[in-house]
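Close look at the chain arrangement
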Amino acid sequence: MKILPWTGDSIFPALCNTLLAWRKSAPDTRDLPWRDEPTPYHVWISEIMLQQTRAAVVRSYYLRFLEALPSVRALAAVDDDALMKLWQGLGYYSRARNLKRAAQAIVTEHGGDLPRDFDELLALPGIGRYTASAIASFAYGQPRPAVDGNFLRIAARITANSIDIAKDTSKRALEAALAPSYPTGRDAGLLNEAFMDLGATVCLPNGVPLCHACPAAQLCLAHDRGTEQDYPVKTALKARRKERRTVLLLSCGEKIAIRKRPARGLLAGLWEYPNLEGKLSQRAVRALLESEGFDVRDIVPLPSARHIFSHIEWELTGWAVTVADTNEPPLMAAEDRTDAPASLLWVRRAELADTYSIPTAFGYFTPQ
DNA sequence: AAAGCGTGGTA
DNA sequence: TTACCAAGCTT
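Residues numbered from 1 in each chain as written. Chains lettered and ligands numbered in written order. Predicted model: local features only at pLDDT ≥ 70, side-chain atom pairs only at ≥ 80, totals over all residues. Heavy atoms only, no water.

Once that is clear, we can look at the protein's contact with DNA strand C. In the neighbourhood of DNA strand C, 26 residues make up the surrounding shell, with L50, Q52, G126, D148 and N150 lying closest. Among the atoms of DNA strand C lying within 4 Å of the protein, the sugar-phosphate backbone contributes 62%. One of the backbone nitrogen or oxygen atoms of Q52 is found 2.8 Å away from a phosphate oxygen of DNA strand C. One nitrogen or oxygen atom from the main chain of G126 is found 2.5 Å from a phosphate oxygen belonging to DNA strand C. (Near = heavy atom within 4 Å. Polar contact = N/O pair within 3.5 Å; in protein donor to acceptor, adjacent residues only side chain to side chain.)

On to empty space enclosed by the protein. Scanning the entire structure with this criterion turns up 1 cavity of 30 Å³ or more. Its boundaries defined by the atoms lining it, the largest cavity holds a volume of some 100 Å³. The element best represented in the lining of the largest cavity is helix α9 (residues 149-158), accounting for 3 residues. Partitioning the lining of the largest cavity into residue classes produces 12 nonpolar, 1 polar and 2 charged. (1 Å grid on protein atoms, 1.4 Å probe; cavity = no way out; pocket = protein on both sides within 12 Å on 5 of 7 lines; lining within 4 Å. Points joined across faces, edges and corners; volume = space filled by probe spheres on them. Helix = DSSP H or I, 4+ residues; strand = E, 2+ residues; numbered from the N terminus. Nonpolar A, V, L, I, M, F, W, Y, C, P; charged D, E, K, R; others polar.)

Surveying the vicinity of DNA strand B reveals 22 residues, the closest of which are Y93, L267, H307, I308 and H311. Here DNA strand B approaches the protein such that, of its atoms within 4 Å, sugar and phosphate make up 57%. In this structure, G89 approaches DNA strand B through a main-chain N or O atom, which is 3.5 Å from a sugar or linking oxygen. T360 is positioned with one of its backbone polar atoms (N or O) 2.9 Å from a phosphate oxygen of DNA strand B. Those elements giving two or more residues to the surface near DNA strand B turn out to be β5 (296-308) and α15 (360-363). For the surface near DNA strand B, the residue count by class is 9 nonpolar, 9 polar and 4 charged.

Let us look at the pairing of β5. In this structure, β5 lies alongside strand β6 (residues 312-323), joined through 10 bridges in antiparallel fashion. Within the sheet, the bridge partner assigned to I299 lies in β6 and is V321. Connecting the antiparallel pair β5 and β6 is a turn made up of 3 residues. (Pairing = 2+ DSSP bridges.)

Tallying each qualifying case throughout the model produces 19 salt bridges. Taking the shortest distance from any N to any O, the salt bridge between D187 and K24 comes out at 2.9 Å. Taken together, the residues span a long stretch of sequence, with D187 in helix α11 (residues 186-201) and K24 in helix α1 (residues 12-25) at a distance of 163 residues. Between D197 and R30 there is a salt bridge; the shortest N-O distance is 2.6 Å. Within this pair, whereas D197 is found in helix α11, its partner R30 is found in the loop between α1 and α2 (40-50), the two being separated by 167 residues in sequence. (Salt bridge = Lys/Arg side-chain N within 4 Å of Asp/Glu carboxyl O.)

The positions that UniProt labels "domain: HhH-GPD" (unreviewed entry) are, in the present scheme, residues 49-201. Helix makes up 64% of residues 49-201 and strand 0%, whereas the separation of the span's terminal C-alpha atoms amounts to 20 Å. (UniProt positions renumbered as here; feature names shortened; annotations may be inferred.)

Put simply, α9 and helix α10 (residues 168-178) touch, their axes get as near as 11 Å, and they point 75° apart. The orientation of α9 with respect to α10, classified from their angle, is roughly perpendicular. Across the interface between the two elements, F151, L152 and A155 from α9 touch S170, K171, L174 and L178 from α10. Of the residues belonging to the contact of α9 with α10, the class tally is 5 nonpolar, 1 polar and 1 charged. (Axes fitted to C-alpha atoms, helices over the stretch in contact; angles between N-to-C directions. Parallel < 35°, antiparallel > 145°, perpendicular 65-115°, else oblique. Contact = heavy atoms within 4.5 Å.)

Over its 14 residues, helix α3 (residues 55-68) extends 20 Å from the first C-alpha to the last, a length consistent with the 20 Å expected when each residue adds 1.5 Å. Within α3 the residues assigned to the buried category are V58, Y61, Y62, F65 and L66. (Expected span 1.5 Å × (residues − 1). Buried < 20%, exposed > 50% of the residue type's maximum accessible area, 1.4 Å probe, protein only.)

Partitioning chain A into structural domains gives domain 1 (9-230) and domain 2 (241-365). With centres defined by C-alpha atoms, the gap from domain 1 to domain 2 works out at 38 Å. For domain 1, the biggest contributors to the area lost against domain 2 are D81, K85 and Y93; these three give 57% of the whole. The interface formed by domain 1 and domain 2 includes 1 salt bridge. Across the domain 1-domain 2 interface, the total number found is 6 residue pairs in polar contact (both at pLDDT 80 or more). Per-element tally for the side of domain 1 that touches domain 2: the top contributor is helix α5 (residues 80-87), with 3 residues. The residue makeup of the side of domain 1 that touches domain 2, split by class, is 3 nonpolar, 2 polar and 3 charged. (Domains from an automatic or database assignment. Buried area = accessible area lost by both parts, 1.4 Å probe.)

Below, the structure is given as structure tokens:
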């Protein structure tokens, strides 16, 4: 990949000095537990959780995760369903699977400790340039800018640069332009924290930045021109496609039917209630289930729901169905599946909540 | 290079 | 309601 220069990068040495001083000048009041004891393992887990996810949401997940899996070796040996349960509701579930795969690689290839070398970090599944830089700086004091959305927004405004920050090349250009200004030791991590804190509390996205509170306002080209709102420039995402689905809450006595989703794709490997494409009527649901061999006793509508993924929007219709027994041929197993058919698993309600990870998209229908 | 991959907060 | 988008990575 050809790395182009970042126009306006002559400001960066002064910007880095200013932000580092700013970070050191005030006490850290953000109460982020991963800053308490920044071991390589702690930094790694927190940074994976923080990918595209707000710190306020991550906080409780992080504390619970570390309590359950306090070490690389514990993570490498964790049961898959237990791992997904710890991740339930956090989203981007491949992050959790990659964590375990990486932990196993760290045990077998690095003696159980995260590598210090940047390229070795980068080679681990789930660790890209941002996360490798965060670990290298926070845990090992290496001079690596951890360029994320905050950095791109701040840099675009400071330099009044109309570069499209959605492009991979923009991120690489900024990283290369900032690297020469980076200190080593504790300051490397503090400077990265400074960029993140500034982006989270002052140089805000979508809306008005709080320039009166910005330590770098004097350096900021966009602020000088009054054009803060013009930056950053970012190409719009593709529109979400809309889908209708019908979810069946099948119960038989104390048990409820769930099934495992395919190993690849959306919500891969998580558990779901049986569901079908389209908005099915009560009559259609009854006909379908009876054709599958169920003795249907009752069908009651559930409140409809809408679930927004990053790239899909689901309009969900729910039916609570009571059946007389759980002995049936595989139900709806092949419907829109390309891998091995998943058959229904009948579980008690308490067991469902304790053991099986149901993503938020299906959680609307979870019985009390 | 662009699309797939979750969820929740905010304006 | 809609749109944006957050401490991104993988393919």
